[in-house]
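Listed below are the residues making up each chain.
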Amino acid sequence: METRPPLPPFTVETAAQKVRAAEDGWNTRDPQRVSMAYTAGSRWRNRAEFVTGREEIVGLLSRKWARELDYRLIKELWAFGGNRIAVRFAYEWHDDAGNWFRSYGNENWEFDENGLMAVRHASINDLPIKAADRKFHWPLGRRPDDHPSLSDLGL
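Quick look at the structure, then. Given the structure is predicted, the values throughout are model-derived calculations rather than measurements.

1. A few points about the pairing of strand S2 (residues 49–52)
Phase 1: Strand direction decides the pairing type here: strand S1 (residues 38–46) and S2, joined by 4 bridges, are antiparallel. Bridging across to S2, Arg45 finds its partner in Phe50.
Phase 2: Count of turn residues in the S1/S2 antiparallel hairpin: 2 residues, of which Arg47 carries a positive phi of about 60 degrees.

This is the structure:
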């Protein structure tokens, strides 16, 4: 049986750990690796796209990261209870023409008893920004522990 600690029911500490683990996974930009944090039949709503299962998650993420270049993400715990967590997030990226964006959003997550995400609802808005207005400057990959959070950055 696959497990992905921490397991529900969540405390403030374990919910924050779950959020950071998700952020770290997404910052790898590895669709296969990211998909393993979800149940085999996980259901997603990502913007206007609905997917079910790991294979479709891999497809969605592959398309996403082929389009959203130099992607850097910060997630922050918003609320939690039982087996559910709500997060807010922002990420920066550019398109193949060099236009930069900061995408803002909220996610609602529901986990199974093994700590795998069974349901993910994401609402996301894109804001065009100038390269000089970027706030996420760490090398691609995991956000350094000493990098400011969304709240610290005033986002």
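Further notes follow.
2. Side note on empty space enclosed by the protein
Phase 1: Applying the stated criterion across every chain, the model contains 1 cavity of 30 Å³ or more.
Phase 2: Taken as a whole, the largest cavity spans an internal volume of roughly 60 Å³.
Phase 3: As for the largest cavity, its lining consists of Trp26, Asn46, Lys64, Tyr71, Leu73, Lys75, Phe89, Tyr91, Glu107, Arg120 and Ile124.
Phase 4: Contributing elements (two or more residues each) for the lining of the largest cavity: strand S3 (69–81), strand S4 (84–94) and strand S6 (117–129).

3. Some points on the sheet that holds S2
Phase 1: On the basis of which strands lie adjacent, the open sheet formed by 6 strands has the order S2-S1-S6-S5-S4-S3 and mixed pairing. Each edge of the open sheet is held by one strand with a lone partner, namely S2 and S3. Each strand of the sheet is rotated relative to its neighbour by a mean of 20 degrees, with strand direction disregarded.
Phase 2: The sheet contacts of helix H1 (residues 12–27) involve S1, S3, S4, strand S5 (100–111) and S6, and relative to S3 the element is tilted by about 165 degrees.
Phase 3: Docked against the sheet, helix H3 (residues 54–67) engages S1, S2, S3 and S4, running at close to 45 degrees with respect to S1.

4. Remarks on unusual backbone geometry
Phase 1: Of the consecutive residues Pro5 and Pro6, the connecting peptide bond is found in the cis state with omega at 0 degrees.
Phase 2: Turning to its location among the elements, Pro6 is positioned in the segment before H1.
Phase 3: The omega torsion of the bond from Pro8 to Pro9 falls at 0 degrees, within 30 degrees of zero and hence cis.
Phase 4: Examined against the element boundaries, Pro9 turns out to sit in the segment before H1.
Phase 5: One non-glycine residue, Arg47, adopts positive backbone phi at about 60 degrees.
Phase 6: Residue classification places Arg47 among the partly exposed residues on the basis of a relative accessible area of 26%.

5. Quick look at the packing of aromatic side chains
Phase 1: Going through the model one piece at a time under the given rule, you end up with 10 aromatic pairs.
Phase 2: Plain terms: the ring middles of Trp26 and Trp65 are 5.6 Å apart, the flat faces sit at 80 degrees to each other, and that makes the pair edge-to-face. Residue Trp26 is located in helix H1, and its partner Trp65 is located in helix H3; the two are separated by 39 residues in the primary sequence. Each member of the pair, Trp26 together with Trp65, is buried.
Phase 3: The interplanar angle of 25 degrees and the centroid separation of 5.6 Å between the aromatic rings of Phe136 and Trp138 together place this pair among those described as stacked.
Phase 4: Residue class for Trp138 comes out buried when judged on its relative accessible area of 3%.
Phase 5: Pairwise contacts between aromatic rings join Trp26, Tyr38, Trp44, Trp65, Tyr71, Phe89 and Tyr91 into one cluster.
Phase 6: For Lys75, the ring lying beneath its charged end belongs to Phe89, and the centroid distance is 5.2 Å.
Phase 7: The ring of Trp100 carries the charged tip of Arg134 above its face, separated from the ring centre by 4.0 Å.

Thresholds applied
- Residues numbered from 1 in each chain as written.
- Predicted model: local features only at pLDDT ≥ 70, side-chain atom pairs only at ≥ 80, totals over all residues.
- Heavy atoms only, no water.
- Pairing = 2+ DSSP bridges.
- Helix = DSSP H or I, 4+ residues; strand = E, 2+ residues; numbered from the N terminus.
- 1 Å grid on protein atoms, 1.4 Å probe; cavity = no way out; pocket = protein on both sides within 12 Å on 5 of 7 lines; lining within 4 Å.
- Points joined across faces, edges and corners; volume = space filled by probe spheres on them.
- Axes fitted to C-alpha atoms, helices over the stretch in contact; angles between N-to-C directions.
- Contact = heavy atoms within 4.5 Å.
- Buried < 20%, exposed > 50% of the residue type's maximum accessible area, 1.4 Å probe, protein only.
- Phe/Tyr/Trp six-rings, centres within 6.5 Å; stacked < 30°, edge-to-face > 60°.
- Lys NZ or Arg CZ within 6 Å of the ring centre and 35° of its normal.

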